Amino acid sequence: MAPQHRRVRTRAMAVGAAAFVVSAALAAGPAAGAVRAEGSTPALPGPTEPVARAVPTPTVPTPDFSVPPIPAVPAVPAVPEVPVLHRPTPTAPTVPPQAGDVPAFGAFLASDERGVARMEELSRWLGGAELRVGHTYLPGNRWSDIEGDIRFLESWARWRNADEDRMFVLNVPMQERNEAGVSDEEVRRLLRRGAAGEFDHHFRALAERLVDLKVPDTIVVLGWEMNGVTYTHRCGPDPQAWKRYWNRIVTTMRAVPGQKFRFDFTPSRGRDAVPWTECYPGDDTVDIVGMDSYDQPSGMSFDEQVKEPYGLRAHVDFAKARGKPVSYAEWGLFRNGDNPEYMRRMLAWMEEHRPLYNTVTDYCPHGVWQCDDNPESSRVYRDTLYGRTHDAGPGTGPGTGPEVTPAPSAPAGELPTENCSPLDLGRWVEYWLGGKLCVRFDWWSRSR
């Protein structure tokens, strides 16, 4: 689903709006944050929304009494002339601590090099949490895309190889023109051609490319959401041909010397166009049983998402019966808006079932860091994962003990954001705003 959802926002330009925003933010109190805008060059398939960096909030312990966390105040209503993002103030973690290794997690932040750069920024927002999973997608427009003839793979390979504990997750289409609305009849023909070996050489080229980049242990999410209707690699038109084709691709890539790939079978949650169990190609060619699980459809509770046919419970039971780990390569908010209960329950579900990895889809409407539409869910996500490392679970973040929050000073030597004019409002004004107020030069043309 990640390459699909994009929205366009257009805001009219107005002169003098900054002063109005400052007045409104001061009246609202600490929860009215400030923006740190970044470049707006579009990326495929990721978000184009700029990333906002959180202002550090050092803590001072109180010796003889407890001061509860400052309650969050609703954000200032959006002022049409000047976009203002906020980052919620963290409170207590929402999932109880557990011993042992922390399940690997990360986020999809953008497909290209910007996604790599944002990994460090997201980690800082999460109090130095260890993001062990990098996630991107190969475009599916042409076969050359699927062969990995994409420069940004080099950046992701460098990120992966900087730490031996990291994982690199790569979504790989099974057909070119993957989002071109190809008819069922043509998909059926393409699946049968693939099952006969006609496209093997493209996947051999991809495997050789990944080995050459020194990422031979890439987790390959092959033909994701095959049980739906969106992609040219969908299973429904001919499940038997689809399974034979999957097996040919895996066999071809595993034959490349030096490879250590793991293949992740990842349907979308629920029945969709066809039961995903009808597409399962067999235990010999599947290493991980994944699931893309968004908060949809409208009005469905989390309990219903667990219990529905081919839902979350069926997924973990199916994997357990086959001795396979589970994963959640895509998950996040969707049809039910800012839903902190979904966020809390999904994080708790993953804490209980210990997936090999999970990566939240972090752009609007799904996300919690690059999307300012979901402040309550963002607060839950941050509080739960704040400060997590490979060996340290929850309980290390803000809200775990008595604390007060003094006014922070701006980091020394920090440069203004590109295409953005920061306003010098003074240390205490910026504290109550949550950071510096920055007015973008190009805010009237931003889109996501």
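Residues numbered from 1 in each chain as written. Predicted model: local features only at pLDDT ≥ 70, side-chain atom pairs only at ≥ 80, totals over all residues. Heavy atoms only, no water.

*Asks:* What is the right way to read the overall build of the chain from this model?
*Replies:* Of the regular secondary structure elements, the chain holds twelve helices and eleven strands. The 448 residues of the chain split such that 55% are buried. Within the chain, contacts between residues at least 6 apart in sequence are counted, and of these 80% link residues at least 24 apart. Put simply, the chain shows about 18,600 Å² of open surface, and 53% of that area lies on carbon and sulfur atoms. (Helix = DSSP H or I, 4+ residues; strand = E, 2+ residues; numbered from the N terminus. Buried < 20%, exposed > 50% of the residue type's maximum accessible area, 1.4 Å probe, protein only. Contact = heavy atoms within 4.5 Å. Areas by Shrake-Rupley, 256 points an atom, 1.4 Å probe, with all protein chains shown as cover.)

*Asks:* Could you clarify how one ought to interpret the packing of aromatic side chains in this entry?
*Replies:* Geometrically, a pair of aromatic rings is defined through the distance of the ring centres and the angle of the planes. Inspection of the entire model under this criterion finds 22 aromatic pairs. Measuring from centroid to centroid gives 6.0 Å for Trp156 and Trp159, while their planes differ by 75°, and the two rings are edge-to-face. Of the two residues, Trp156 and Trp159 both sit in helix H4 (residues 152-161), three residues apart, roughly one turn of that helix. Residue Trp156 shares its accessibility class with Trp159, and that shared class is buried. The ring of Phe318 has Arg322 lying over it, and the distance from NZ or CZ to the ring centre is 3.6 Å. (Phe/Tyr/Trp six-rings, centres within 6.5 Å; stacked < 30°, edge-to-face > 60°. Lys NZ or Arg CZ within 6 Å of the ring centre and 35° of its normal.)

*Asks:* It is not clear to me how the pattern of salt bridges should be interpreted in this structure. Could you clarify?
*Replies:* Close approach of charged atoms allows side chains of opposite charge to pair. For the coordinates displayed, the defined rule picks out 22 salt bridges. A salt bridge links Arg189 to Glu185, with the shortest nitrogen-to-oxygen separation between them at 3.4 Å. Taken together, the residues span about one helical turn, with Arg189 and Glu185 both in helix H5 (residues 184-195) at a distance of four residues. Across the pair Arg269 and Glu308 runs a salt bridge, and its minimum N-O distance is 2.4 Å. (Salt bridge = Lys/Arg side-chain N within 4 Å of Asp/Glu carboxyl O.)

*Asks:* When you look at the side chain of Asp292 in this model, what are you seeing that I'm missing?
*Replies:* In this structure, Asp292 sits in the loop between strand S6 (288-290) and strand S7 (293-294). Summary of buried charges: Asp292 has no salt-bridge partner, and the nearest side chain of opposite charge, Arg269, is 10 Å away. (Lys, Arg positive; Asp, Glu negative; His and termini not counted.)

*Asks:* Can you help me understand helix H2 (residues 113-125) in this one?
*Replies:* Within an α-helix, residues lying three or four positions from one another point in the same direction, as the helix has 3.6 residues per turn. Over its 13 residues, H2 extends 19 Å from the first C-alpha to the last, a length consistent with the 18 Å expected when each residue adds 1.5 Å. For H2, the principal kink sits at Met119 and spans about 25°. When H2 is considered as a whole, its buried residues turn out to be Arg114, Gly115, Val116, Arg118, Met119, Glu121, Leu122, Ser123 and Trp125. Against strand S1 (104-108), strand S2 (133-137), H4 and helix H11 (375-385) lie the buried residues of H2. A distance of 3.1 Å separates the backbone nitrogen of Arg114 from a side-chain oxygen at the start of H2, and that oxygen is part of Asp112. (Expected span 1.5 Å × (residues − 1). Bend = angle between axes of the 7 residues up to and from the residue. Polar contact = N/O pair within 3.5 Å; in protein donor to acceptor, adjacent residues only side chain to side chain.)

*Asks:* How do you make sense of the packing of helix H9 (residues 312-321) against helix H10 (residues 340-353) when you look at a structure like this?
*Replies:* When two helices pack together, their arrangement is captured by the angle between the axes and the distance separating the axes. Running from N to C, H9 and H10 point in directions that differ by 15°, and their axes come no closer than 13 Å. As far as their axial angle goes, H10 and H9 are roughly parallel. The way H9 lies across H10 gives a crossing that is right-handed. In contact with Leu312, Arg313 and Val316 of H9, H10 contributes Met346, Trp349 and His353. Class assignment for the residues of the contact of H9 with H10 results in four nonpolar, one polar and one charged. (Axes fitted to C-alpha atoms, helices over the stretch in contact; angles between N-to-C directions. Parallel < 35°, antiparallel > 145°, perpendicular 65-115°, else oblique. Left-handed = near helix turned anticlockwise from the far one by under 90°. Nonpolar A, V, L, I, M, F, W, Y, C, P; charged D, E, K, R; others polar.)

*Asks:* Explain the nonpolar core to me, please; I cannot follow it from the model alone.
*Replies:* Soluble, globular proteins show a tendency: their nonpolar side chains are buried together. Formed by 79 residues in total, the largest nonpolar core has its most connected members in Phe203, Tyr328, Trp331 and Tyr381. In terms of residue count, the dominant contributor to this core is helix H7 (residues 239-254) (seven residues). Setting aside residues no more than four positions away along its own chain, Trp331 makes contact with Ser293, Tyr294, Tyr342, Met343, Met346, Leu347, Met350, Asn358, Thr359, Val360, Thr361 and Tyr381. Within the second largest apolar cluster, 14 residues are counted, among which are Ala104, Val169, Ile219 and Ile288. (Core = buried A, V, L, I, M, F, W, Y, C linked by side-chain atoms within 4.5 Å.)

*Asks:* How do you make sense of the pairing of strand S3 (residues 167-172) when you look at a structure like this?
*Replies:* Side-chain direction in a regular strand flips from residue to residue, so the side chains alternate between the two faces of the sheet. By the criterion of burial, S3 is predominantly enclosed, with six of the six residues buried. Burial along S3 is two-sided: Met167, Val169 and Asn171 and Phe168, Leu170 and Val172, pointing in opposite directions, are all buried. Direction of pairing for S2 relative to S3: parallel, over a ladder of five bridges. Across the sheet, Val133 pairs through a bridge with Met167, a residue of S3. Here S3 runs beside strand S4 (residues 219-222); their pairing, made up of four bridges, is parallel. Pairing of Leu170 across the sheet is with Val220, part of S4. (Pairing = 2+ DSSP bridges.)

*Asks:* What exactly am I supposed to notice about the pairing of strand S9 (residues 357-361) here?
*Replies:* Of all the five residues making up S9, five are buried; the element is thus mostly covered by neighbouring parts of the structure. What you see with S9 is no split at all: Tyr357, Thr359 and Thr361 on one side and Asn358 and Val360 on the other are buried throughout. For S1 and S9, the ladder comprises five bridges, and the chain directions are parallel. Note on S9: the bridge partner recorded for Gly106 is Thr359. Strand direction decides the pairing type here: strand S8 (residues 326-332) and S9, joined by two bridges, are parallel. Across the sheet, the residue bridging to Trp331 is Val360, located in S9. The handedness of the S8 to S9 crossover, carried by H10, is right-handed. (Right-handed = clockwise from strand over helix to strand, strands pointing away.)

*Asks:* Where do I start with unusual backbone geometry in this structure?
*Replies:* With the exception of glycine, the majority of residues adopt a negative phi angle, and the majority of peptide bonds are in the trans configuration. Cis peptide bonds are those with omega within 30 degrees of zero, and the linkage from Gln296 to Pro297 qualifies with -5°. Relative to the helices and strands, Pro297 is located in the loop between S7 and helix H8 (302-307). Each neighbour pair has its own omega, and for Cys364 with Pro365 the value is 10°, a cis peptide bond. By secondary structure assignment, the location of Pro365 is in the loop between S9 and H11. Here the phi dihedral of Lys214 falls at roughly 65°; this positive angle occurs in a residue that is not glycine. Within the secondary structure, Lys214 is located in the loop between helix H6 (200-212) and S4. Since its relative accessible area comes to 60%, Lys214 is described here as exposed. Phi is positive for Tyr310, close to 65°, though the residue is something other than glycine.

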